[in-house]
Amino acid sequence: MECFGEILDMVRRQSPVVHSITNYVTVNDCANIILAAGGSPIMADDAAEVEQIVGLSSSLVLNIGTLNTRTAASMLAAGKRANALNIPVVLDPVGAGASSLRNETLRTLMREVRFAVIKGNSSEIRFLAGDKATARGVDADEGTLVSEDNLAASARMAMDMCAATGAIIIISGRIDIVAHPKGAWAVSNGDPLMTRITGAGCMTAAVVGCCVGAAPAELPQACLCAMCSMGVAGEIAAENMGAVGGGTGTYRTLLLDAMSSLDGPAITCRGKVQHIA
Amino acid sequence: MECFGEILDMVRRQSPVVHSITNYVTVNDCANIILAAGGSPIMADDAAEVEQIVGLSSSLVLNIGTLNTRTAASMLAAGKRANALNIPVVLDPVGAGASSLRNETLRTLMREVRFAVIKGNSSEIRFLAGDKATARGVDADEGTLVSEDNLAASARMAMDMCAATGAIIIISGRIDIVAHPKGAWAVSNGDPLMTRITGAGCMTAAVVGCCVGAAPAELPQACLCAMCSMGVAGEIAAENMGAVGGGTGTYRTLLLDAMSSLDGPAITCRGKVQHIA
Amino acid sequence: MECFGEILDMVRRQSPVVHSITNYVTVNDCANIILAAGGSPIMADDAAEVEQIVGLSSSLVLNIGTLNTRTAASMLAAGKRANALNIPVVLDPVGAGASSLRNETLRTLMREVRFAVIKGNSSEIRFLAGDKATARGVDADEGTLVSEDNLAASARMAMDMCAATGAIIIISGRIDIVAHPKGAWAVSNGDPLMTRITGAGCMTAAVVGCCVGAAPAELPQACLCAMCSMGVAGEIAAENMGAVGGGTGTYRTLLLDAMSSLDGPAITCRGKVQHIA
């Protein structure tokens, strides 16, 4: 697991088409971060075309941030088609627990679609794991955050969920957890400013889409690469803020800048990955 | 009414969840300005979930910028639910007068939902007040703008509309008017560059949502705080443009930067608020 | 054809309302570039209002980037109404060839609506011309790009398509082709960084909308003005990147900056237009 940074270079070389069915709040950020990471975004979301679009794609990302009944059907159709074509599918269960629409859609998606990766914040993943976490809009509830204190327990929960779903489970936060059925890692990159802009979580899922699209046979490494890439980009953006003295608008721009300038060696060098289980 | 600047500090401390049902043009800007002001945005817009999402929120903002029949129904359901829960509802009647769909939807919303605040440009507010203003797309018609010359008449119109609707009325423009049934203020902050980017008006409504969410018992002060915050942020962004020599793309970034760096004392100090009625 | 740069000054003076029915990925960029170019954007997309909104507008831009069955109907209704009112209609056939939904919608639109301008990348235009180009998501296929080697053949294809459709045909790329039934030009402005951000193509169509809205009687010149404006803005943004050392996030900001600062003389001076047929 030393060379996961190289997967970003594979993204750059292959330019995988990442089909995203996502929310209208951060869709532009997602398209731009996919391009910055080296992928090629396509955001088609009508049920009448998503199966054909999946057929042109290297990965599929389903993000339920502004779910509606129209796109819920598109997500299901696209997910099934991706499964049939063996294209990896990433789920970002934004706001899981916040409404029956989200919960029922997630239940259907998780029953009907085989996910390669499920990435959520701690509230969302805990909800999917059966915990009755209190959803507070789309942000993680304080009480559920992964910390040094609950790292082992969080890893165990994620690994149990891997076993139940067959998916790599990613819990994003100050410390990210990446778990597969036989092991788990903590990734400690990132910067608190990432929570001050909208879309950092959605962009992370989009970058996961790039990495699993480029390396579908190495899903755990692809996920580690994606989490380190976003985290390191977030750190570089924060460092560069010092020079310009900006606020959250500037930070958002610098985050895209940093991702577009990253390379595999930088990730391997700066990535803070710890094997925890 | 001296300490309205403190309401921004309340937003920062409480981080109110602001539920926005809004247009797809500026939704990302709205989410980012809510975060920059210290709130927590959620943009759910499906009729199947908006009532539950409202229940998690501190305020609701309805913006008809790219209204469609699907979201019109969501706005009505969310508005009624917010009323039942005593959560303040803000209306941004974008493009009022421009189409029958907008006009009929506004008529329904104003009949069925009790608004805490209605904020529009001069054309939109005049249209709602019964004036047959000529709508020119989504921008205010020159002839309807609030100026020093028509300040008293504009305040009177706004106060009449307060009496008729029970809502605080905000007319945004070079000079903003904030009117409640017993008085009116003019706010003279802001910068002409705000009209050169999309979304300044929508972002203003989003910030109103933050302030009324944090201080629902002090609606006039919350509205003054929001208008001054946006205006002062717009001024600071323009001042900082001088240093970097940018255009409208940079201005947009600097506007978010300025909002994320504002605090209550800065608003109290720089706010140009005049009691006019 | 010397003074096409002046059309940008006409846009600035007239501020044409540009009605866009477009995708949710880049709609904010489109609205901001329209404002930066001097126009006034309105993005209404519900079938219940598009005909009335077209009636307030100077031009209509139809962009099928995230087409759905709801907006396909809106595009058809708006296009027909624009024809009846003699308002120029611009088509951006994003992802033509990628799905049956897109192809059938394009077939219907091209049969029912008279387009003033059709602007696409080489894959899209070749597809519309009857070539079975391989669509790769929404980006042009390498093999179809316009280059010095196939310039004459590309111009001929575009002119044939002009004759068949009655529209000005624009093929965007490293070298753009602008063709009308009796002649064709190559525009060699632009910068490779434009392909590293999402929306450069959509923004180009939006600027075409501004220019044809301001000069509907001079369509070829308006198209040349638009293509040179975007290309020169892209070059200036790239030059200014040198000073700040940014990545793609900064480039996107600088592109809007450059467009907002352009004037007719700059375009006339820097525009690289070559009469090729």
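Here, the structure is the one placed above.
A quick note: this is a predicted structure, and the numbers were derived from the prediction, not measured. (Residues numbered from 1 in each chain as written. Chains lettered and ligands numbered in written order. Predicted model: local features only at pLDDT ≥ 70, side-chain atom pairs only at ≥ 80, totals over all residues. Heavy atoms only, no water.)

Caption draft 1: The arrangement of the pairing of strand β7 (residues 176-180) of chain B in detail. All names here are of chain B. Buried residues dominate β7, accounting for five of its five residues. Across the two faces of β7 the burial is the same, with Asp 176, Val 178 and His 180 and Ile 177 and Ala 179 all buried. Relative to β7, strand β6 (residues 168-172) runs antiparallel, the two sharing three bridges. The partner of Ile 171 across the bridge, within β7, is Ile 177. Hairpin connection between β6 and β7: a loop of three residues separates the two successive antiparallel strands. In this structure, β7 lies alongside strand β8 (residues 183-187), joined through five bridges in antiparallel fashion. From the neighbouring strand, Ala 179 faces β8, where its bridge partner is Ala 184. Linking two consecutive strands that pair antiparallel, namely β7 and β8, is a turn of two residues. (Buried < 20%, exposed > 50% of the residue type's maximum accessible area, 1.4 Å probe, protein only. Helix = DSSP H or I, 4+ residues; strand = E, 2+ residues; numbered from the N terminus. Pairing = 2+ DSSP bridges.)

Caption draft 2: Geometry of the relation of the copies chain C and chain A. After a rotation of 120 degrees and a shift along the axis of 0.0 Å, chain C superposes on chain A with an RMSD of 0.0 Å. The relationship between the two copies is best expressed as a three-fold rotation axis. Every residue of chain C has its C-alpha some distance from the rotation axis, and the shortest such distance is that of Tyr 24 of chain C, at 3.6 Å. Interface overlap between copies: only 10% of the residues of chain C at the interface are likewise at the interface in chain A, consistent with a contact formed by different surfaces. (Least-squares fit on C-alpha atoms with pLDDT ≥ 70 in both. Contact = heavy atoms within 4.5 Å.)

Caption draft 3: Seen up close, the interface of chain C and chain A. Counting residues at the interface gives 29 residues for chain C, matched by 31 residues for chain A. Our count for the contact surface shared by chain C and chain A stands at one salt bridge. Arg 102 of chain C is the salt-bridge partner of Glu 49 of chain A, the closest N and O atoms lying 2.7 Å from each other. Viewed at the interface, chain A and chain C are joined by 15 residue pairs in polar contact (both at pLDDT 80 or more). Within the residue set of the side of chain C that touches chain A, elements represented by two or more residues are α5 (100-112) and α10 (248-261) of chain C. Among the elements that take part in the side of chain C that touches chain A, α10 of chain C stands out by supplying five residues, more than any other. For the side of chain C that touches chain A, the residue count by class is eight nonpolar, 15 polar and six charged. (Salt bridge = Lys/Arg side-chain N within 4 Å of Asp/Glu carboxyl O. Polar contact = N/O pair within 3.5 Å; in protein donor to acceptor, adjacent residues only side chain to side chain. Nonpolar A, V, L, I, M, F, W, Y, C, P; charged D, E, K, R; others polar.)

Caption draft 4: Fine view of the state of the cysteines. By the definition in use, this model includes zero disulfides over all chains. As a non-bridged cysteine, Cys 228 of chain B has Cys 225 of chain B as the owner of its nearest cysteine sulfur, 7.4 Å distant. Counting only cysteine sulfurs, Cys 211 of chain C is the nearest neighbor of Cys 223 of chain C, a cysteine outside any disulfide, at a range of 8.2 Å. Given the relative accessible area of 0%, Cys 223 of chain C is considered buried. (Disulfide = S-S within 2.5 Å.)

Caption draft 5: Local environment of the relation of the copies chain B and chain A. Taken as rigid bodies, chain B and chain A are interconverted by a rotation of 120 degrees and an axial shift of 0.0 Å, the fit giving an RMSD of 0.0 Å. When the interface residues of chain B are mapped onto chain A, a mere 10% of them again fall at the interface, so the copies present different faces.

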